[in-house]
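# Observations on the three-dimensional arrangement
Residue strings, one per chain:
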Amino acid sequence: MRTQSINTYITYALLILVAIIILVPIAWIVINSLKYFKDIISFDYFGSPWTLYNYEVVLLNPSETIVPQIFTSVLYIVSTIAVVIPLSMFAGYALARLPYNSLFRFITLNFFIFSRVFPATAIAVPYFAAFSQAGLYDNPIALIFVYILRGMPLAIFMIMTFISEIPKEVEEAALIDGVSTTAMITKIILPLIRPGLAATAIFVTIYTWNDFTLAAFLAGKNAANIQIAISQFNAEQFIRWGELNAAVVIAAIPVLIFLWLIQKHLIRGLTFGAVKA
């Protein structure tokens, strides 16, 4: 009993430590976003006045606002998910129903894994050369195309895993009843893996929203995303800490709202493929 109590205290202590490690940087960013530059560099956080000046700059200043880049990033996310999720669902279904020892399945899955671990910096230069020759540099279409290509392997792999958890007997019963393959996927498989699709959409959204490397190579002023907009506050001579932190806070809000809206599906999706005892 004493050992169990000690283990409980250690567990709570570790959880508190993890919470501190996560929350302290977030609190530091929020506090800096509400302070003037002179107060930030002098570490005068609590004796100095609070201000919304930094938010006025990043939202209302015509020459430095990040609002257009926020809408551009949302465009990238919506376009990417609209293409990636439907295509990945059908591709994932095909791979999930292939024999486990299939050579095609083995090669395809390893190709997907390799494409994910391949660094973005290694493919950014070829993309830059190709899109420049095609006249698509600084064009949102180019980045949407790249995000779709980069998001497909992860989405297919995740959806394949979720579909693999569905017993084949469910499909066999539907086929016996005369349901077509397309109708079976859309009306039977799709509702069953909806939590998994939500989890997949979250991962694709986070990757697309947080991308900096590819956008830095392929986007100028017209196609810049939110991460490029944030980097503009890193000046040559000094870092504009107030505006930078305000932009980071604003950039986090849309993702947090999206996570909050689908948190129920996300939790179910992340545990969908768990091994059952």
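Residues numbered from 1 in each chain as written. Predicted model: local features only at pLDDT ≥ 70, side-chain atom pairs only at ≥ 80, totals over all residues. Heavy atoms only, no water.

It is worth spelling out the overall build of the protein chain at this point. If you tally the helices and strands in the protein chain, you get 14 helices and zero strands. Secondary structure of the protein chain in N-to-C order comes out as α-α-α-α-α-α-α-α-α-α-α-α-α-α. Viewed in the frame of its principal axes, the protein chain has a C-alpha envelope of about 75 × 70 × 30 Å. Evaluated residue by residue, the protein chain yields a buried proportion of 40% over its 277 residues. Here the contacts in the protein chain between residues at least 6 apart in sequence split such that 72% fall between residues at least 24 apart. In the protein chain, which carries 15 positive and 13 negative side-chain charges, the distance between the mean positions of the two groups comes to 8 Å. (Helix = DSSP H or I, 4+ residues; strand = E, 2+ residues; numbered from the N terminus. Buried < 20%, exposed > 50% of the residue type's maximum accessible area, 1.4 Å probe, protein only. Contact = heavy atoms within 4.5 Å. Lys, Arg positive; Asp, Glu negative; His and termini not counted. Charge placed at Lys NZ, Arg CZ, Asp CG, Glu CD.)

Inspection of the secondary structure puts I141 in helix α7 (residues 140-164). Classification of I141 as exposed rests on a relative accessible area of 54%. Here the alpha-carbon distance between I141 and S79, two residues 62 residues apart in the chain, equals 9.6 Å.

In this structure, the largest pocket encloses a volume near 210 Å³. Along its surface, the largest pocket is lined by P62, S63, E64, T65, P68, Q69, K221, A224, I228, A229 and Q232. Counting residues per element, the ones that place at least two in the lining of the largest pocket are α4 (67-96) and α12 (226-231). Partitioning the lining of the largest pocket into residue classes produces five nonpolar, four polar and two charged. (1 Å grid on protein atoms, 1.4 Å probe; cavity = no way out; pocket = protein on both sides within 12 Å on 5 of 7 lines; lining within 4 Å. Points joined across faces, edges and corners; volume = space filled by probe spheres on them. Nonpolar A, V, L, I, M, F, W, Y, C, P; charged D, E, K, R; others polar.)

Another aspect to go through is the nonpolar core. The biggest cluster of nonpolar side chains holds 64 residues, and the ones touching the most others in it are I66, L143, I193 and L214. With residues up to four places along the chain from it excluded, the contact list for I193 reads M89, I159, F162, I163 and I166. (Core = buried A, V, L, I, M, F, W, Y, C linked by side-chain atoms within 4.5 Å.)

Below, the discussion takes up the pattern of salt bridges. Under the definition given, this model contains four salt bridges. Between R97 and E171 there is a salt bridge, with the nearest N and O atoms lying 2.4 Å from each other. Pair noted here: R97 is in the loop between α4 and α5 (103-117) and E171 is in helix α8 (residues 168-176), with a separation of 74 residues, a long-range link. On the basis of relative accessibility, which here comes to 6%, the residue E171 falls in the buried class. As a salt-bridge pair, E243 and R240 come within 3.3 Å of each other at their nearest N and O atoms. Here E243 matches R240 in class, with each residue buried. Members of the salt-bridge network, linked through shared partners, are E64, R240 and E243. (Salt bridge = Lys/Arg side-chain N within 4 Å of Asp/Glu carboxyl O.)

Running from N to C, α4 and α7 point in directions that differ by 35 degrees, and their axes come no closer than 7 Å. Our pair here, α4 against α7, has a crossing hand that is right-handed. Partitioned by chemical class, the residues of the contact of α4 with α7 number 21 nonpolar, six polar and no charged. (Axes fitted to C-alpha atoms, helices over the stretch in contact; angles between N-to-C directions. Left-handed = near helix turned anticlockwise from the far one by under 90°.)

What follows concerns the domain arrangement of the protein chain. Each domain of the protein chain was delimited in the assignment, giving domain 1 (8-52) and domain 2 (59-270). Relative placement of domain 1 and domain 2: their C-alpha centres are 31 Å apart. Contacts between the two partners involve nine residues from domain 1 and, on the opposite side, eight residues from domain 2. Between domain 1 and domain 2, the buried area comes to about 610 Å², and carbon and sulfur atoms account for 80% of it. (Domains from an automatic or database assignment. Buried area = accessible area lost by both parts, 1.4 Å probe.)

This part covers α5. With 15 residues, α5 ought to run about 21 Å at 1.5 Å a step, and its terminal C-alpha atoms sit 21 Å apart, in line with that. Among the residues making up α5, those that are buried are R105, T108, L109 and F112. Buried positions in α5, seen along its axis, are confined to an arc of 95 degrees and lie on one side of it. Facing away from the buried side of α5 by more than 90 degrees, the exposed set consists of L103, F106, I107, F111 and V117. Structurally, α5 contributes buried residues whose contacts are with α4 and α7. Measuring from the backbone nitrogen of F104 back to the side-chain oxygen at the start of α5 gives 3.4 Å, which picks out S102 as the cap. (Expected span 1.5 Å × (residues − 1). Arc of directions from axis to C-beta. Polar contact = N/O pair within 3.5 Å; in protein donor to acceptor, adjacent residues only side chain to side chain.)

The subject of this paragraph is the packing of aromatic side chains. With the rule as written, the count across this model stands at eight aromatic pairs. Ring centres 6.2 Å apart and planes at 35 degrees place the aromatic pair Y36 and Y53 in the tilted group. With a gap of 17 residues between them, Y36 in the loop between α1 (2-33) and α2 (37-41) and Y53 in helix α3 (residues 53-60) connect regions that are remote in the sequence. An aromatic cluster is present here, built from Y76, Y147 and Y207 joined pairwise through their rings. A cation over an aromatic ring shows up here: K35 above the ring of W50, its NZ or CZ 3.7 Å from the ring centre. (Phe/Tyr/Trp six-rings, centres within 6.5 Å; stacked < 30°, edge-to-face > 60°. Lys NZ or Arg CZ within 6 Å of the ring centre and 35° of its normal.)

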